[in-house]
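Architecture at a glance
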Amino acid sequence: MTNPAAALTRGSAAMARTLAANARLLASITRVELSKKYAGSVLGPLWLVLQPALLLSVYIFVYLVVFKMRFADFSRLDYVLYVFTGLIPYMGTIDAITSGSVSIKQNIHLVKNVMLPIELVPVRAVLVASVSQAVGLAVVILLTAINGSLSWHILWLPLVWALQIVMLFGIVWILSSIAVGLPDISYFISLFLFLLMWVSPIGFTPDMVPANVAAVLYLNPVYYLLEMYRDSLLFGRLPTPQIAGIYVGMAVVTFAVGAAFFRAFRSVLLDYE
C-alpha cells in the first residue's frame, strides 16, 4: 500500500520541479493572458485599480453608512484601510479560484494542440489574478504610508503573498480537475465564495463575533489569510505563532494535496473529450 505522506511529498516535489523548469514559459503565457484580459476594453488595465476601488466603495457604504459600523480608536481612514487590507487578498483569492477552476475545461484545446504542460494552465490563472492583487496591494501600501502606519513588518509581506499563491495552486489543481468532468461545480464555487466574503472578517473584527459562533470563524481559512496580511500591512506586528502556524500549514498541505490529486488524474484529463 502506498504511503499517503510519501505520495504527497513526491507529488509536491514533481510539481515544484515542473514549475521551476517552466518558469520562463509561465511568465510568457501570463503576460499574454493579461493582455487578452483587457483587450477591447475602453479603460483597459485601469480596471486593475477600478475594480477593487468600486467594490471597496460598496463595502464602505454598507458598513459605514447603512450599518454605521465604528471601531474604537479607529478613524474613518483607519477603517477604510482595515477593509481594504482584507478585501484585496480576498478578491485575489476569488479571481484565482473562479478563473482557475474552469481553466482546463476552457483551454483543453490548448493542452491537446500545443506543447504546454497541463499543470501550467490553472497556475497561469492564479498568476494573472496575483498581478491584479499586486496592484491593489500597492494602493494599500500607499494609503498606509499616508496614514503613517507603515512599519518594517511590511518586509515579510512577500512571504505572506507567496504562501497565498502556493495555497491557491493547490486549490485550483483540485477544482480544475473536477470541473472538467463536472462543469456545474463552477456555479457552486462562485456562490460559495460570494457568501464566504460576507461571513469573513473583512468589514468587522473577529472580536465582534458572538462567542457561541466564534468556532465558525476559526474554521474559516480566510480568517488566517486576512490576519496575516493585516499584521504585516496595518498593525505592524508579528502574527501569533498559532495564526502563522495554521496559515503556513494550510498553504503547504493544500499545495501537496492539490499536486497529488492533479497528478493522479492527469492522464484522464488529457484524454477527456
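As a starting point, this report considers the structure included with it. On a predicted model such as this, the values are computed, not experimentally measured, just so you know.

Turning our eyes to something else, we now look at the overall build of the chain. Each helix and strand in the chain was counted, giving twelve helices and zero strands. Helices and strands in the chain line up, N terminus first, as α-α-α-α-α-α-α-α-α-α-α-α. Residue burial in the chain is summarised as follows: out of 273 residues, 47% are buried. Long-range contacts, defined here as pairs at least 24 residues apart, represent 79% of the contacts in the chain between residues at least 6 apart. Entry remark: accessible area of the chain is about 13800 Å², with carbon and sulfur atoms responsible for 71%.

Here the focus is the packing of aromatic side chains. Under the counting rule described, the total for this entry stands at eight aromatic pairs. Taking the centre distance of 6.5 Å and the plane angle of 50° together, the rings of Tyr82 and Phe235 count as tilted. Highlighted residues: Tyr82 in helix α4 (residues 76-101) and Phe235 in helix α11 (residues 221-235), separated in sequence by 153 residues. For the ring pair Tyr223 and Tyr224, a centre distance of 4.9 Å and an interplane angle of 75° mean the geometry is edge-to-face. Residue Tyr223 shares its accessibility class with Tyr224, and that shared class is buried. An aromatic cluster of three or more residues is present, and its members are Phe169, Trp173, Phe255 and Phe262.

By the secondary structure assignment, Ala244 is in helix α12 (residues 241-271). Considered as a pair, Ala244 and Tyr224 are 20 residues apart in the sequence and their alpha carbons are 7.8 Å apart. If near-sequence neighbours (up to four positions away) are discounted, Ala244 is found in contact with Met228 and Pro239.

With that out of the way, let us pick up the packing of α4 against helix α7 (residues 120-147). Relative orientation of the contacting elements α4 and α7 amounts to 175°, with a least axis distance of 7 Å. In terms of orientation, α4 lies roughly antiparallel with respect to α7. Taken together, the residues that form the contact of α4 with α7 break down as 14 nonpolar, ten polar and two charged.

What follows concerns the nonpolar core. Within the largest apolar cluster, 69 residues are counted, with the highest numbers of intra-cluster contacts made by Leu19, Phe169, Trp173 and Tyr247. When neighbours within four sequence positions are excluded, Tyr247 is seen to be in contact with Val160, Leu163, Gln164, Met167, Tyr224, Leu225 and Met228.

Counted under the stated rule, the structure contains two salt bridges. The shortest N-O distance in the salt bridge between Arg124 and Glu33 comes to 3.6 Å. With a gap of 91 residues between them, Arg124 in helix α7 and Glu33 in helix α2 (residues 23-37) connect regions that are remote in the sequence. Note on Arg124: relative accessible area 8%, which makes it buried. On the basis of relative accessibility, which here comes to 24%, the residue Glu33 falls in the partly exposed class. The shortest N-O distance in the salt bridge between Arg237 and Asp231 comes to 2.7 Å. Here Asp231 falls in the buried class, since its relative accessible area comes to 4%.

Once that is clear, we can look at the layout of surface pockets. Its volume calculated, the largest pocket comes out at about 330 Å³. Taken together, 18 residues make up the lining of the largest pocket; nearest its centre are Thr93, Ile97, Ile171, Pro221 and Val222. Secondary structure elements with two or more residues in the lining of the largest pocket: α4, α8 (157-181), α9 (185-199), α11 and α12. Considering each element in turn, the lining of the largest pocket owes the most residues, five residues, to α8. Across the lining of the largest pocket, the residue classes break down as 14 nonpolar, four polar and no charged.

The rules behind these values
- Residues numbered from 1 in each chain as written.
- Predicted model: local features only at pLDDT ≥ 70, side-chain atom pairs only at ≥ 80, totals over all residues.
- Heavy atoms only, no water.
- Helix = DSSP H or I, 4+ residues; strand = E, 2+ residues; numbered from the N terminus.
- Buried < 20%, exposed > 50% of the residue type's maximum accessible area, 1.4 Å probe, protein only.
- Contact = heavy atoms within 4.5 Å.
- Areas by Shrake-Rupley, 256 points an atom, 1.4 Å probe, with all protein chains shown as cover.
- Phe/Tyr/Trp six-rings, centres within 6.5 Å; stacked < 30°, edge-to-face > 60°.
- Axes fitted to C-alpha atoms, helices over the stretch in contact; angles between N-to-C directions.
- Parallel < 35°, antiparallel > 145°, perpendicular 65-115°, else oblique.
- Nonpolar A, V, L, I, M, F, W, Y, C, P; charged D, E, K, R; others polar.
- Core = buried A, V, L, I, M, F, W, Y, C linked by side-chain atoms within 4.5 Å.
- Salt bridge = Lys/Arg side-chain N within 4 Å of Asp/Glu carboxyl O.
- 1 Å grid on protein atoms, 1.4 Å probe; cavity = no way out; pocket = protein on both sides within 12 Å on 5 of 7 lines; lining within 4 Å.
- Points joined across faces, edges and corners; volume = space filled by probe spheres on them.

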